[in-house]
Amino acid sequence: MSEMIKITIKLFAQYREGKFKVEKREYAKDSTIEDILDDIGLDLGKFPIGVLMVNGRHVQEDFVLEDEQILAIFPKVGGG
Amino acid sequence: MSDKIYRVDMSNLTYKIEDVPQEWLGLGGRGLTSTVVAAEVDPECHPLGPNNKMVFAPGLLSGTSAANSGRTSLGAKSPLTGGIKESNVGGTSAGIMAKLGVKALIIEGIPKDDSTFYHLHVTKEKVEIEAVPELVGKDNFAVLDAMMEKYSKKVAVMSIGRPGEQKMLISNISVKDPKGKLRSHGRGGLGAVMGSKKIKCITIDAENYKETHLADPEKFKEASKIFTKALQENPISGEGLPAFGTNVLVNIINEAGGLPSHNFRSGSSENAENICGETMAENIKNRGGSTTHGCHAGCVIQCSQTYNDKEGNYLASGFEYEMIWAFGANFGISDLDQIAKIDNLMDDLGVDAIETGVTFGVAADTDLIEYGDGERAYEILKNDVANGTPIGRIIGGGAGNLGKLYGLVRVPVVKNQSIPAYEPRAVKGQGITYVTTPMGADHTAGYAVATNILNSGGHIDPLQKEGQVELSRNLQIASAAVDSTGMCIFVAFPALDDPKCLPALIDMINARFGANLTGDDVTNLGKNILKIEHEFNLKAGLGKADDRIPEFMKYETLPPTDAIWDFTNEEIDEFWNF
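Caption draft 1: A look at the overall build of chain B. Helices and strands together make up the secondary structure of chain B, namely 24 helices and 17 strands. Taken against the 2.2 N^0.38 rule, which gives 25 Å for 578 residues, the C-alpha radius of gyration of chain B at 22 Å falls within 12% of a compact globule. Along the first, second and third principal axes, the C-alpha atoms of chain B reach 60 × 55 × 50 Å. Counting only residues that meet the buried cut, chain B has 62% of its 578 residues in that class.

Caption draft 2: Region of the structure containing the overall build of chain A. Regarding its fold elements, chain A presents 1 helix and 5 strands. Here the C-alpha atoms of chain A give a radius of gyration of 12 Å, agreeing with the 12 Å that 2.2 N^0.38 yields for 80 residues. Overall, the C-alpha framework of chain A stretches about 45 × 25 × 20 Å when taken along its three principal axes. In chain A, buried positions account for 30% of the 80 residues. Looking at chain A alone, contacts between residues at least 24 apart form 61% of all its contacts between residues at least 6 apart.

Caption draft 3: Region of interest: the nonpolar core. Residues and elements named next belong to chain B. Grouped together as the largest cluster of nonpolar side chains are 197 residues, with contacts concentrated most on V55, A104, F227, V250 and M508. The residues that make up this core include at least three from each of domain 1 (4-204) and domain 2 (261-423). Not counting residues within four places of it along the chain, the set of residues in contact with M508 comprises L61, A66, F220, A223, S224 and F227.

Caption draft 4: Region of interest: the interface of chain B and chain A. Each partner contributes residues to the interface: chain B has 30 residues there, and chain A has 18 residues. A per-element tally of the side of chain B that touches chain A places helix α7 (residues 235-244) of chain B first, with 6 residues. Residue composition of the side of chain B that touches chain A, by class: 17 nonpolar, 11 polar and 2 charged.

Caption draft 5: Fine view of the domain arrangement of chain B. All names here are of chain B. With domains assigned, chain B is organised as domain 1 (4-204) and domain 2 (261-423). One C-alpha centre belongs to domain 1, the other to domain 2, and the line joining them spans 25 Å. Opposite the 39 residues of domain 1 that make contact, domain 2 presents 31 residues. Looking at the side of domain 1 that touches domain 2, the elements that each hand over two or more residues are α2 (93-100), α3 (140-150), α4 (162-165), β10 (173-176) and β11 (182-185). If you tally residues by element for the side of domain 1 that touches domain 2, the top one is α4, at 3 residues.

Caption draft 6: The arrangement of the sheet that holds strand β13 (residues 290-293) of chain B in detail. All names here are of chain B. Taken in spatial order, the 3 strands of this open sheet run β13-β14-β15, and their pairing is antiparallel. Whereas interior strands pair on both sides, the edge strands pair on one side only; in this sheet they are β13 and β15 (314-317). With strand direction ignored, the average angle separating the axes of adjacent strands in the sheet is 25 degrees. Bridge count between β13 and strand β14 (residues 304-308): 2 bridges; the pairing is antiparallel. Bridge pairing in β14 places S290 opposite T306. In the packing of helix α12 (residues 336-349) onto the sheet, the strands contacted are β14 and β15, and the crossing angle to β15 comes to about 70 degrees.

Caption draft 7: Summary view of the pairing of β14(B). Residues and elements named next belong to chain B. Both β14 and β15 contribute to a ladder of 3 bridges, which runs antiparallel. Paired with N308 across the bridge in β15 is Y314. Counting the residues between successive antiparallel strands, the hairpin from β14 to β15 contains 5 residues, one of them, G312, with a positive phi of roughly 85 degrees.

Caption draft 8: Focus on the environment of T116(B). All names here are of chain B. On the secondary structure map, T116 appears in the loop between β6 (102-108) and β7 (118-122). Owing to 14 C-beta atoms within 10 Å, T116 belongs among the partly exposed residues under this scheme. Aside from chain neighbours lying at most four places away, what touches T116 is A131, P133 and V136.

Caption draft 9: Fine view of the environment of T35(B). Residue and element names in this part refer to chain B. As for its position among the elements, T35 is in helix α1 (residues 29-40). Along the sequence, T35 and L517 sit 482 residues apart, while their C-alpha atoms lie 19 Å from each other. Not counting chain neighbours up to four residues away, the residues in contact with T35 comprise W24, L27 and I532.

Caption draft 10: Local environment of the sheet that holds strand β4 (residues 57-58) of chain A. Residue and element names in this part refer to chain A. In space, the 5 strands of this open sheet follow the order β2-β1-β5-β3-β4, with mixed pairing throughout. The two strands at the open ends of the sheet, each matched to only one other strand, are β2 (22-28) and β4. Pairing of strand β3 (residues 49-54) with strand β5 (residues 69-75), which is carried by 5 bridges, proceeds in the antiparallel orientation. By the bridge assignment, M53 is partnered in β5 with A72. Lying over the sheet, helix α1 (residues 33-40) contacts β1 (4-11), β2, β3 and β5, oriented at roughly 65 degrees with respect to β1.

Caption draft 11: Up close: the pairing of strand β9 (residues 156-159) of chain B. Residues and elements named next belong to chain B. Here β9 shows no split at all, with A156 and M158 on one side and V157 and S159 on the other all buried. Here 4 bridges tie β9 to strand β12 (residues 199-204), and the two strands are oriented antiparallel to one another. Counted as the bridge partner of S159 is C201 from β12. Of the pairings in the sheet, the one linking β9 to β10 comprises 2 bridges and is antiparallel in character. Across the sheet, M158 pairs through a bridge with V175, a residue of β10.

Cut-offs used in this document
Residues numbered from 1 in each chain as written. Chains lettered and ligands numbered in written order. Predicted model: local features only at pLDDT ≥ 70, side-chain atom pairs only at ≥ 80, totals over all residues. Helix = DSSP H or I, 4+ residues; strand = E, 2+ residues; numbered from the N terminus. Rg over C-alpha atoms; globule rule 2.2 N^0.38 Å. Buried ≥ 20, exposed ≤ 12 C-beta atoms within 10 Å, placed from the backbone. Contact = placed C-beta atoms within 7 Å. Core = buried A, V, L, I, M, F, W, Y, C linked by C-beta atoms within 7 Å. Domains from an automatic or database assignment. Nonpolar A, V, L, I, M, F, W, Y, C, P; charged D, E, K, R; others polar. Pairing = 2+ DSSP bridges. Axes fitted to C-alpha atoms, helices over the stretch in contact; angles between N-to-C directions.

Following this line, the structure appears as C-alpha cells:
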C-alpha cells in the first residue's frame, strides 16, 4: 500500500450545504488540491472556487499537499 | 429647475437657497463635500466650534433608478482625527435630497442660545428651523417615531442620540432606512459636530419631490441595465453578500490570520465559528428573520438582514461584519445574540460600531471591564455612555483617548481613529490604506483586502510589502471617485473583475448630465479629491508623522503568521507621488 497523508479540510459559506464544516481525510501522497476537490464533490459550477488556503497561506489548485496540513476552501466571498 | 445649495446658518437660525457655483456643478457625494469643506472651513478651526461646517451631499447618481446609488456623503472637519472627514451612508436621505433638487445642504455656525436643540425640516422652498426641547435627551428610535408621526412614513430623517448631544467622539449620525431602521454616518465623531451645532434632527420632505431629470433617458436605461446585470452576476455581490451578509468575512479573514482579536494581540479568534456569517445565516433560517435587506431603495445586493433571538423576537438589523468583529473577536464576546443586543442599543444611542468596539477592546486592558464581558459592556453603554457619567465619558472619547488616559501603549488607532477589522501586519495593503488615507484608519477608503485576501482584482500576497502601496493608491483613487457617485462600495467587487461594470457606471453619469466623461476623467476626479483632502490635513497640522502605524505593530509579531509592520517611512510616503 502506498503512503497516505492526513489532511484537515475546512469548508465555508455555500460549500457547507449538505457537506461538512471540518473533516480530516486521508489521501495518497503527492495529492493535489484538485484531487481533493474531486473527492469532496463541491458544486463548482454554481459556486466557483474563490480562495484556497493551506495553513493560512493562499495557494493554487495544483498545490501538492503534505501530511497534517490544513486546507481551507472558500467560494467567492466579500464584504467590508 | 436646477439643483440648489441649501445653506443654514445656526448662529442666527436663518437659511439661504443658492445657485450652484459653476465649479461645483460636476461634483457630488464625497467630491462635493471635500471640495466645500476645503474651500469654506478653516483647517485650523476647532471641529466643535463655530467655524466648522457640515456638508451633506447626495451622490451624482442618487435619485435616479441606477442600482445601489443611494449613498449620501457628509463632510466636515473631524473632532476625532482633527482632519477632513467624509462619511457616507445608505438609508433614504440621498434619493430624497436628490429628487428635491438639494445638491448640498451646508450647515454652519452655532446658536447663540445653546439652551435647547433644534430640528431642521428641508422642503423644496425653505428650511424650517424649530426648537425641539421635547426631543432633548431622547435617542434615535424615539426621534424617528416622532418624525414619522409628524410628517409621513417616507420622510428622510437624520438624527443624533444622547452621546451626540454630549459631543462624544464615538457618536455618529443615524439615517432612516427604507424599513424604518437605522444606518449611520458612522466614523469620525460627526455626531459630536451635529451636537455642537445644537441640531437634534434633520428631516427632508418626501412628499413634494419630482423625479430626477435625465439628459438622455434611453442611454441611461441601457447603461443601467448593463450595470445592474454586472452586480447581479458577480458571485460576491450577486450570491455571497445576499446569502451571508458582510459577516461572511469572519472565517476567511480569521483563516488568513488577519482577524484582530484580544485588542490586536492575535490575528485569529477562538470565537470565529460562533460569530461567523455561516452561523448567523443558520440562526436566521432557524428563527425567522431575513438574510436579505437593502439599506437603501434600489439596492440589488441586499447584504443587510433582520436578526432575531431564539424566541423569534427582533434583535437587530444591519448587523455587520465590523460590529461583530469588534465585539466578538476583538473584545471577545462569544455569543452572537449578545452582540446583536448591543448593536441595537448602539443604533438607538447613535455610536460608531468600530470606534466603540475597539474602545472596549482597549478598555479590557484596564480595570474598567473584563475581556468578553458583554453584559457589562451593555450596561456601560446604556447607563454610563447614554447619561455621560465619568466612565461614559472615558469610553465615549474613543480608543485613542482612553489609551492616553490609562497610559497604554497597545492602542490601535491611526490619526486617533480606531483600526477596523483587518490586521495591518497580516493584510499589508490594507495597512497602507489605514496610514495614508486622509480619513484616519478606515477600511472603505481603499479596500486592499479584496486583492490581498479575496482574490478580487487578482492577488497580491498579504504578508509581503511588494505592490501594496500601488494597490492601495489605485484603490483609494477609485474609491474617492465611486464615493462621489452615490454608489455603494460593494460595486467594487464587480468593478474589479467585470470589464463591463465601470464603463456602464460612467455611461450612466454621462446620460444623467449630458456629459462626456471618460475613464481617465473619473480617475482624475479621484486623484483630485485625495489631493484636496490631503492638502486640508497638512494645513490642519497632520503631517507625515501622522501617516504611521501604531508603534507596537513595528516590534511585536502577530500570531499565527508572525507578521510584523515593516514598511519604512519612505516607502509609505511614496504613496503621495502621483
